[in-house]
Each structure stands twice: as C-alpha cells, then as structure tokens.
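# Structural overview
Single-letter residue listing:
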Amino acid sequence: MSLNDFIKQLDDLVESAAHSFENAIREVDKQILEETRVEYLGAKSGKLKEVQKNLGKVPKDDKPVAGKRFNEVKTRLEELFQSATEAIMGGGGKGKSEKLDVTLPGVRPRLGHIHPITQTIDELKDIMGRLGFSAVEGPEIEDDWHNFEALNIPLEHPARDPLDNFYLNVAASGTGGGNQLMRSQTSTVQIRVMENHKPPIRIVSLGRVYRPDEIDATHYAMFHQIEGLLVDTNVTMADLKYVLRLFASSYLGGDVEIRFRPSFFPFTEPSVEVDMRWQDTWLEFGGAGMVDPNVLKAVGYDPEEVTGFAFGLGVERLCMRRHGIHDIRYLYDSNTKFLAQF
Ligand code: DAH
C-alpha cells in the first residue's frame, strides 16, 4: 500500500468519526456514544485498529511519516470521543437513555439513627435539667490534678496505678500540670466547675471515661458516666437521695427505690454505693456521697460555709437496665441491625 493510500484511509477515518460523534452529541445519547466509541476506537476490531494493520504494508522508507500520521489521527479520535462524552454526560445532563421517570415508585433513603447511648445521654440531661441541673462538659484528656489530686486521691493511692489508667506519653500542659491521662471518671468535671464558679452549683456532666479493663459482658475500656454535683448551704444526704429517686423514677418509669450502702470514695465523706430497685430487682448503679471538705478546700471553697453532694452513675448500666440489654459489647460492635431497635 502506498503512503498516499494509507493517508487517504486515515483522513476518511477522521471525517467519518467526526460525523458519528457529532450525531451522538445531537441525539444526547449515551448508547450511541458508546457504540461509536467501539466502532472507531474498539481495541479488538475498531476501525482505527483495522487501518493500523495497513501500516505494515507501507514501503519501509515511508513508514516514519505514516507512523507519525497514524498517531496524530489516533489522538484526534480520542479527542473527539472525549469532547462528545463531556457534551453528553457533563453539565448535569443524564442522556436520553437515563431520563427521569417520575411514574416510578421512589427509593426511600436510609436515614441514620441516634445511638442508644446518645439517646440515653440526651434523656438524662433532660431529666436533670428539669430538676435545675445544667449540663456541662469537660475534657477527656485530663491531668493528675483534676483526675486525682484535687479529688483527694493522693499519689500513693491504688486508683492512680499505671495499670489501671491510660496515661499518655506526652509532656503535661495546661493548668494542673503533672501526667496526662484519658480521664478515668467524670468526677474531674466537679473540680473544673468549682474552680471557675462560686457556689451555689448545680450541674451534671455526661461523657466518656476510660479504663484498661478486661472487656466482657459488663466491662468495656470506654464507657459513659453521669456525674452530678450540688453545692449550696445546708445540703444534706436526704437531698441526695431525693434527687436520685426522682431521677431514677423519671428515667426507668414507675417508682424506683434507692438504697445506700456504706462505701468509700476519697472525694466524698460519707460515701455510699447507690442501688436502685426497679421491677423488683436491685442493681448497683454507681457511687455518691457528701463532697469531702478537702475537695471543697482544693477549689478554694470554705467547708464551714457550704456543703454539697455528688454522684457518679454508669450510663450504660441505666440504658441496659431499661432496655433489657445483657451485654455491653452489643452497644459498641456497630451492628446496625441491633442498634436500630432502639
Ligand atoms: N467517680 C466514681 C467512680 O468512677 C463514682 C463516684 C462516686 C462519683 C462517688 C461521685 C461520687 O461523684 O460522689 O467510680
């Protein structure tokens, strides 16, 4: 085949391809576009491929010119396809074969769902809000001062054991100084609030706490607590019991009995374990007590002037008790079939 014949074939190819792609654009049709692409650029038997076979038949001396010309045409065809694709698909146009059929039934979008623990937190905040307690937040990364020291937990106390806490390998910053850790209790927020506000105080704080516990049906390395703090003149344990009873009855429903068992927490004196009886079963939900005078002093309050009560309860426990969930891991293994029930 002569060079001229070969070039003529290439020119014809460009002309007819341009014509076909224009047609696809005119019809705004994805189907035609794809057929045209296969017809000209198809890897197996496209027209360009057919012409390429003749390249071998061109006299040896003419091959460099023929090859160069072939490559130009190839690029040109690809450009034609590219701009036809943009014309048909771009600009929001969907093409003829994909027009919106308004008579088809709709596809219901899958809506997200609020996690049962988040629902519980919202509800508990709401209940405590009605009793006059404002919800406040504290940081999850804490320092020794707020997690231990100001809460009357001295350096030698076993609660500060590195094996029982997630200490962070970073230099301390912020107000407290000392080591930093993932907070092991929300009692930290009591200190943060009292450091910045004068009594009377009436707050709750709900959030995550972290402990390197072995994970099982009732333990998880991260869980949530609701912390309550009331400081005022003449606060008594009767006030504490009354608030907890109203709180528990509002959340669980019906009358809930509260039982205090003597206990010890460094930041309360006296301290109690809080049990609740609901639907004839007693269950322990956390700790409480009267704020220890040492804690009041640590934040600059005068224990002769004010007294207070504090409590810290497990949010998962409350949520699991109400919904009859028997394994805390169900809440955190992201099984949406399980979670969507609540
Ligand atoms: N912070 C305690 C814990 O995590 C719970 C607790 C006990 C909180 C007594 C309190 C309290 O506010 O008064 O085990």
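Here's a quick rundown of the structure. (Residues numbered from 1 in each chain as written. Predicted model: local features only at pLDDT ≥ 70, side-chain atom pairs only at ≥ 80, totals over all residues. Heavy atoms only, no water.)

### A short note on the packing of helix H1 (residues 3–27) against helix H4 (residues 63–89)
Definition in use: The axes used here are C-alpha line fits, helices contributing only the stretch in contact, and every angle between their N-to-C directions lies in the interval 0 to 180 degrees. Secondary structure counts use DSSP, requiring at least four H or I residues in a row for a helix and at least two E residues in a row for a strand, with both numbered from the N terminus. Here roughly perpendicular refers to angles of 65 to 115 degrees, roughly parallel to angles under 35, roughly antiparallel to angles over 145, and oblique to all remaining angles. The contact criterion used is simple: two residues touch if any of their non-hydrogen atoms lie within 4.5 Å. Gly counts as polar in this scheme, as do all residues outside two lists: the nonpolar Ala, Val, Leu, Ile, Met, Phe, Trp, Tyr, Cys and Pro, and the charged Asp, Glu, Lys and Arg.
One way to put it is that H1 packs onto H4 with a least axis distance of 10 Å and a crossing angle of 0 degrees. With respect to H4, the axis of H1 lies roughly parallel. Only Val 65, Ala 66, Arg 69, Phe 70, Val 73, Arg 76, Leu 77, Leu 80, Phe 81, Ala 84, Ala 87 and Ile 88 of H4 make contact with H1, whose side of the interface consists of Leu 3, Phe 6, Ile 7, Leu 10, Asp 11, Leu 13, Val 14, Ala 17, Ala 18, Phe 21, Ala 24 and Ile 25. Grouping the constituent residues of the contact of H1 with H4 by class yields 21 nonpolar, no polar and three charged.

### Re the environment of Thr 281
Inspection of the secondary structure puts Thr 281 in strand E9 (residues 281–291). The sequence separation of Thr 281 and Met 182 amounts to 99 residues, and the corresponding C-alpha distance is 34 Å.

### Considering the pattern of salt bridges
The cut-off we apply is this: The salt bridge definition used is simple: a Lys or Arg side-chain nitrogen within 4 Å of an Asp or Glu carboxyl oxygen. Exposed residues in this analysis have more than 50% of their type's maximum accessible area, buried residues have under 20%, and partly exposed residues fall in between, with area computed by a 1.4 Å probe over protein chains only.
Summed over all chains, the structure comprises 22 salt bridges. Ionic pairing is found between Arg 261 and Glu 284, a salt bridge with its closest N-O pair at 3.4 Å. You can see Arg 261 sitting in strand E7 (residues 257–265) and its partner Glu 284 sitting in strand E9, a full 23 residues away along the chain. Accessibility expressed as a relative area gives 32% for Arg 261, which makes it partly exposed. What you see here is one network of salt bridges that share partners, running through Asp 11, Lys 68, Arg 69 and Glu 72.

### What about the packing of aromatic side chains?
Selection criterion: When two rings of Phe, Tyr or Trp (its six-membered ring) have centres within 6.5 Å they constitute a pair, described as stacked for plane angles under 30 degrees, edge-to-face for angles over 60, and tilted for the intermediate range.
All chains considered together, the criterion is met by seven aromatic pairs. Ring plane angle 40 degrees and centroid distance 6.5 Å describe the contact between Phe 247 and Phe 311, whose orientation is recorded as tilted. Here the residue Phe 247 occupies a position in helix H8 (residues 237–252), and Phe 311 occupies one in strand E10 (residues 307–314), the gap between them amounting to 64 residues. When its relative accessible area of 1% is taken as the criterion, Phe 311 is described as buried. With a centroid separation of 5.2 Å and 65 degrees between ring planes, the pair formed by Phe 338 and Phe 342 is classed as edge-to-face. Like Phe 338, the residue Phe 342 is buried in the burial classification. Joined through ring pairs, the aromatic side chains of Phe 21, Tyr 40 and Phe 81 make up one cluster.

### Things to note about unusual backbone geometry
Put simply, Pro 199 and Pro 200 share a cis peptide bond, and its omega is 5 degrees. Across the junction of Glu 269 and Pro 270, the peptide omega takes the value -5 degrees, indicating a cis bond. Note on placement: Pro 270 falls in strand E8 (residues 268–278). For Val 28, which is not a glycine, the phi torsion comes out positive at approximately 45 degrees. Among the structural elements, Val 28 can be located in the loop between H1 and helix H2 (30–41). A positive phi is found at Asn 152, a non-glycine position, where the angle reads about 70 degrees. Note on placement: Asn 152 falls in the loop between helix H6 (144–147) and strand E3 (166–168). Classification of Asn 152 by relative accessible area gives partly exposed; the value is 26%.

### What about helix H10 (residues 315–323)?
Side chains that are three or four residues apart share a direction in an α-helix, a result of its 3.6 residues per turn. Turning to H10, its buried residues are Val 315, Glu 316, Leu 318, Cys 319, Met 320 and Arg 321. One or two positions beyond H10, positive phi appears at Gly 324, with a value near 70 degrees.

### Some details on the side chain of Thr 186
Locating Thr 186 in the fold gives a position in the loop between strand E4 (180–182) and helix H7 (188–196). For Thr 186, the contacting residues outside a window of four places in its chain are Ser 205, Gly 207, Val 209, Gln 225, Ile 226 and Glu 227.

### Comments concerning a negative patch on the surface
Put simply, the test is: A patch consists of residues exposed above 30% relative accessible area that lack any salt bridge, with like charges linked at up to 9 Å and nonpolar side chains (Val, Leu, Ile, Met, Phe, Trp, Tyr) linked at up to 5 Å. Accessible surface area values rest on a Shrake-Rupley calculation with a 1.4 Å probe, where residue burial reflects the displayed protein chains alone. Neither His nor the chain ends is counted toward charge; the positive residues are Lys and Arg and the negative residues Asp and Glu. Where a charge lies is defined by one atom per residue type, namely NZ (Lys), CZ (Arg), CG (Asp) and CD (Glu).
On the surface, Asp 161, Asp 164, Asp 213, Glu 214 and Asp 216 cluster together into a patch of negative charge. You can see Asp 164 is positioned in the loop between H6 and E3. Classification of Asp 164 by relative accessible area gives partly exposed; the value is 43%.

### Looking at the nonpolar core
Definition in use: Side-chain atoms within 4.5 Å link the members of a nonpolar core, which is a set of buried Ala, Val, Leu, Ile, Met, Phe, Trp, Tyr and Cys residues.
Within the largest apolar cluster, 45 residues are counted, with the highest numbers of intra-cluster contacts made by Ile 226, Val 274, Met 276, Phe 309, Phe 311 and Leu 313. At seven residues, H8 tops the list of elements feeding residues into this core. Contacts of Leu 313, omitting those with residues within four sequence positions, involve His 224, Gln 225, Ile 226, Leu 244, Phe 247, Val 274, Met 276, Phe 285, Gly 286 and Gly 287.

### Brief notes about the site of the ligand
What counts here: When at least one non-hydrogen atom of a residue lies within 4 Å of a molecule or strand, that residue is treated as near it. The term polar contact refers here to a pair of N or O atoms within 3.5 Å; inside protein, the definition further demands a hydrogen-donor-capable atom paired with an acceptor-capable atom, and it admits residues adjacent in sequence only when both atoms are side-chain atoms.
Contacts to the ligand come from 15 residues, most closely from Gln 185, Ser 187, Arg 211, Gln 225 and Glu 227. At 2.7 Å from a nitrogen atom of the ligand is found a side-chain nitrogen or oxygen belonging to Gln 185. In isolation the ligand exposes 360 Å². Once the protein is present, 90% of that is buried. Looking at the shell around the ligand, the elements that each hand over two or more residues are strand E6 (222–232), E9 and E10. A per-class count over the shell around the ligand returns five nonpolar, eight polar and two charged.

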